[in-house]
Amino acid sequence: LSLQPAVGVTIFLTKEDGATRSLVLSNLNYPSFSFSLPSSIDFSFYNNGNVDVVPRASVTLSDGDNIYQKGIANDGSLPIFPTQTLKLNTKLSSLKTPHLPGLYHLKVIYRPDGKDNFMTKVNNVIYIPWWLPLLLILILIFIWWQRRRIIKIFRKRKKILVDNSPQQKQSKIFISDITSTDDKK
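Residues numbered from 1 in each chain as written. Predicted model: local features only at pLDDT ≥ 70, side-chain atom pairs only at ≥ 80, totals over all residues. Heavy atoms only, no water.

A. Highlighting the pattern of salt bridges. Using the criterion set out here, one finds 2 salt bridges in the structure. For Asp113, the salt bridge identified is with Arg56, shortest N-O distance 3.3 Å. Pair noted here: Asp113 is in the loop between β8 (102-112) and β9 (119-127) and Arg56 is in strand β4 (residues 55-62), with a separation of 57 residues, a long-range link. A relative accessible area of 33% places Asp113 in the partly exposed class. Across the pair Asp113 and Arg111 runs a salt bridge, and its minimum N-O distance is 3.8 Å. Put simply, Arg56, Arg111 and Asp113 are held in one network by salt bridges that share partners. (Salt bridge = Lys/Arg side-chain N within 4 Å of Asp/Glu carboxyl O. Helix = DSSP H or I, 4+ residues; strand = E, 2+ residues; numbered from the N terminus. Buried < 20%, exposed > 50% of the residue type's maximum accessible area, 1.4 Å probe, protein only.)

Following this line, the structure appears as structure tokens:
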């Protein structure tokens, strides 16, 4: 029994004359409403050109001024052949944690390898930190628990406002004038 070493290499030849490199981003799966930031994102690239392409992409989550997460897609340089789809799972690394609720932007900037013009797709995400609904529930429970005390405070304020109104003062003066003239008789 003898063993013979063998090496296999795949070589792609592309004729540049008439070659069309085209890439479409599809199936960007990211929720439009979120209580937490995910650690990865799934999306697909479709090659609608006539030669194989290697997609290059970067993903960022920002609020316009600050970048909170970022990732690089297809760091393994997987090619997509014409009329084929490549599904990618891109890991996102956290740079900061957003503490306030708001509208955040998920931006995917991509291009086929060998082309210089970038394409961009932006999805808006409403982010609400996990602690905000909990805080609102605690505030509502506190208000419900203190409702009688709160109602008494509002009734006292209303009574003070009514007692100090100009109409109330005039009626008190008028009533005291009538009683004083009756006493003289």
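B. Representation of the pairing of strand β5 (residues 67-73). Pairing geometry for β4 and β5, over 6 bridges, is antiparallel. Counterpart to Ala57 in the pairing with β5 is Ala73. Where β4 folds back onto β5 in an antiparallel hairpin, the turn is made up of 4 residues, including Gly64, whose phi is positive at roughly 110°. Both β5 and strand β7 (residues 93-94) contribute to a ladder of 2 bridges, which runs antiparallel. For Lys70, the partnering residue across the bridge sits in β7 and is Ser93. (Pairing = 2+ DSSP bridges.)

C. Inspection of the environment of Asn123 at higher detail. Tracing the chain through its elements places Asn123 in strand β9. For the pair formed by Asn123 and Leu28, sequence separation is 95 residues and the distance between their alpha carbons is 8.7 Å.

D. Up close: the sheet that holds β8. Reading across from one edge, β2-β9-β8-β4-β5-β7 is the order of the 6 strands in this open sheet, with mixed pairing throughout. Only two strands of the sheet have a single neighbouring strand rather than two, namely β2 (33-34) and β7.

E. Layout of a positive patch on the surface. On the surface, a cluster of positive charge is contributed by Arg147, Arg148, Arg149, Lys152 and Lys156. Take Lys152: it is sitting in helix α2 (residues 147-163). (Patch = residues over 30% accessible without salt bridge, like charges linked within 9 Å, V, L, I, M, F, W, Y side chains within 5 Å. Areas by Shrake-Rupley, 256 points an atom, 1.4 Å probe, with all protein chains shown as cover. Lys, Arg positive; Asp, Glu negative; His and termini not counted. Charge placed at Lys NZ, Arg CZ, Asp CG, Glu CD.)

F. Looking closely at the pairing of strand β3 (residues 40-47). In this sheet, β3 lies alongside strand β1 (residues 23-29) in antiparallel orientation, the contact comprising 5 bridges. Counted as the bridge partner of Ser26 is Ser44 from β3. With 7 bridges connecting them, β3 and strand β6 (residues 85-91) associate as antiparallel partners. Paired with Ile41 across the bridge in β6 is Thr90.

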